[in-house]
Amino acid sequence: MKVTVAATQMACGWDREANRYDAHPIVRGVVWQQTSGMDQQAVYAALEAHLGRMATPDSRSVESLRELTPAIERYHTLLGLGRYDDAYGLFRDRLEDATLYRLAAHRERIAWLERLFPDGLDGLPALTDEDSQASTLNSLAGSYLLSGEPGQASVVLKRAIQIVRQQGDNGNQLVGLSNLGEILREIGALCEAERILRQALVLARELENTFREAVSLQDFGRTHSTCSSSRLSTSS
């Protein structure tokens, strides 16, 4: 009996702050791997029915990720069910603002958003709506940038720009080009940054967006100056 109690205590612990018992992550992983695909789907369906009724606090009052636990768990449940559109909708409506503006939980955001790419990050997120695909790429790029991965951010942002360009959404294309140019300048890709910012400037003038034109002029001028200095240093 003592062995059984000791083993149980090691396998299952009480999370005081959350006021609940949970299995040790290793135990949970082993049990899940041994569970059949059909039973896993049944578990996901039961979790979705339970978590779907739980409210999420207002993003402006959130103080920790723990307060978002039901929404986070439901997000992963929807992914497990293959309901990628619903998972993204939940992230957008219940997790996006709190994790970006309140908690700056960029590592967590990256881990969550990358799961929307079941075929790998070289492709597009498994979403049926192009606007959602572009928004996902933008959110992921922003978190890459703010977690110290500007190179990866630029790769992802380029794909978002390609989507909005194909849609003819010049407004978001302009914003994307401006952001991309700044990222490229930061990582030292000066000539590419200059080319991208020139595109942003031309597009801002076509749209008669004077504010964006002013921003583009400033960014382009700064990048052009840096790029010219770099060329002079190389030639000398």
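These remarks concern the structure in this document. Since the structure is predicted, the reported quantities are computational estimates derived from the model, not experimental observations. (Residues numbered from 1 in each chain as written. Predicted model: local features only at pLDDT ≥ 70, side-chain atom pairs only at ≥ 80, totals over all residues. Heavy atoms only, no water.)

A closer look at the overall build of the chain
- Of regular secondary structure, the chain possesses eleven helices and two strands.
- Going from the N terminus to the C terminus, the chain shows its helices and strands as α-β-β-α-α-α-α-α-α-α-α-α-α.
- A burial count over the chain gives 33% of its 236 residues as buried.
- For the chain, contacts bridging at least 24 residues in sequence account for 52% of all contacts bridging at least 6.
- Of the accessible surface of the chain, which amounts to about 13600 Å², a share of 53% is contributed by carbon and sulfur atoms. (Helix = DSSP H or I, 4+ residues; strand = E, 2+ residues; numbered from the N terminus. Buried < 20%, exposed > 50% of the residue type's maximum accessible area, 1.4 Å probe, protein only. Contact = heavy atoms within 4.5 Å. Areas by Shrake-Rupley, 256 points an atom, 1.4 Å probe, with all protein chains shown as cover.)

Quick look at helix H5 (residues 84–102)
- Remark: the principal bend of H5, roughly 55 degrees, maps to Leu95.
- Along H5, the residues that are buried comprise Ala87, Tyr88, Gly89, Leu90, Phe91, Leu95, Glu96, Ala98 and Thr99.
- Against helix H4 (69–80), helix H6 (106–114) and helix H7 (130–146) lie the buried residues of H5.
- Directly after H5, the chain includes Ala104, whose backbone phi takes a positive value near 50 degrees. (Bend = angle between axes of the 7 residues up to and from the residue.)

Regarding the packing of H7 against helix H8 (residues 150–167)
- Contact geometry of H7 with H8 gives a least axis separation of 8 Å together with a crossing angle of 160 degrees. The pairing of H7 with H8 is recorded here as roughly antiparallel in orientation. Classified by chirality, the crossing of H8 by H7 is left-handed. Residues Glu130, Asp131, Gln133, Ala134, Leu137, Asn138, Leu140, Ala141, Tyr144 and Leu145 of H7 form the contact with H8, whose participating residues are Pro150, Gln152, Ala153, Val156, Leu157, Arg159, Ala160, Ile163, Val164 and Gln167.
- Residues that form the contact of H7 with H8 fall into these classes: 13 nonpolar, four polar and three charged. (Axes fitted to C-alpha atoms, helices over the stretch in contact; angles between N-to-C directions. Parallel < 35°, antiparallel > 145°, perpendicular 65-115°, else oblique. Left-handed = near helix turned anticlockwise from the far one by under 90°. Nonpolar A, V, L, I, M, F, W, Y, C, P; charged D, E, K, R; others polar.)

Considerations on the pattern of salt bridges
- One pass over the structure, following the stated rule, counts twelve salt bridges.
- A salt bridge links Arg60 to Asp58, with the nearest nitrogen and oxygen atoms 3.0 Å apart.
- The class of Asp58 is partly exposed, set by a relative accessible area of 37%.
- Three or more residues joined by partner-sharing salt bridges are found here, namely Glu182, Arg185, Asp219 and Arg222. (Salt bridge = Lys/Arg side-chain N within 4 Å of Asp/Glu carboxyl O.)

Remarks on H7
- With 17 residues, H7 should cover 24 Å at 1.5 Å per step; its first-to-last C-alpha distance of 24 Å lies within 8% of that length.
- Within H7 the residues assigned to the buried category are Ser132, Gln133, Ala134, Thr136, Leu137, Ser139, Leu140, Ala141, Ser143 and Tyr144.
- Buried residues along H7 sit in contact with H5, H6 and H8.
- Between the side-chain oxygen at the start of H7 and the backbone nitrogen of Asp131 there is a gap of 3.2 Å, and the oxygen is on Asp129.
- Of the residues trailing H7, Gly148 is marked for its positive phi of about 90 degrees. (Expected span 1.5 Å × (residues − 1). Polar contact = N/O pair within 3.5 Å; in protein donor to acceptor, adjacent residues only side chain to side chain.)

Things to note about the side chain of Glu182
- With respect to the secondary-structure elements, Glu182 resides in helix H9 (residues 170–186).
- For Glu182, a relative accessible area of 17% corresponds to the buried category.
- With sequence-adjacent residues up to four places away left out, Glu182 is seen in contact with Leu197, Asp219 and Arg222.

Notes on the packing of H4 against H5
- Relative orientation of the contacting elements H4 and H5 amounts to 165 degrees, with a least axis distance of 8 Å. Between H4 and H5, the angle is such that the two are roughly antiparallel. Every pair of crossing elements has a handedness; the one defined by H4 and H5 is left-handed. Contacts from Ala71, Ile72, Arg74, Tyr75, Leu78 and Leu79 in H4 reach Tyr84, Asp86, Ala87, Tyr88, Leu90, Phe91, Arg94 and Leu95 in H5.

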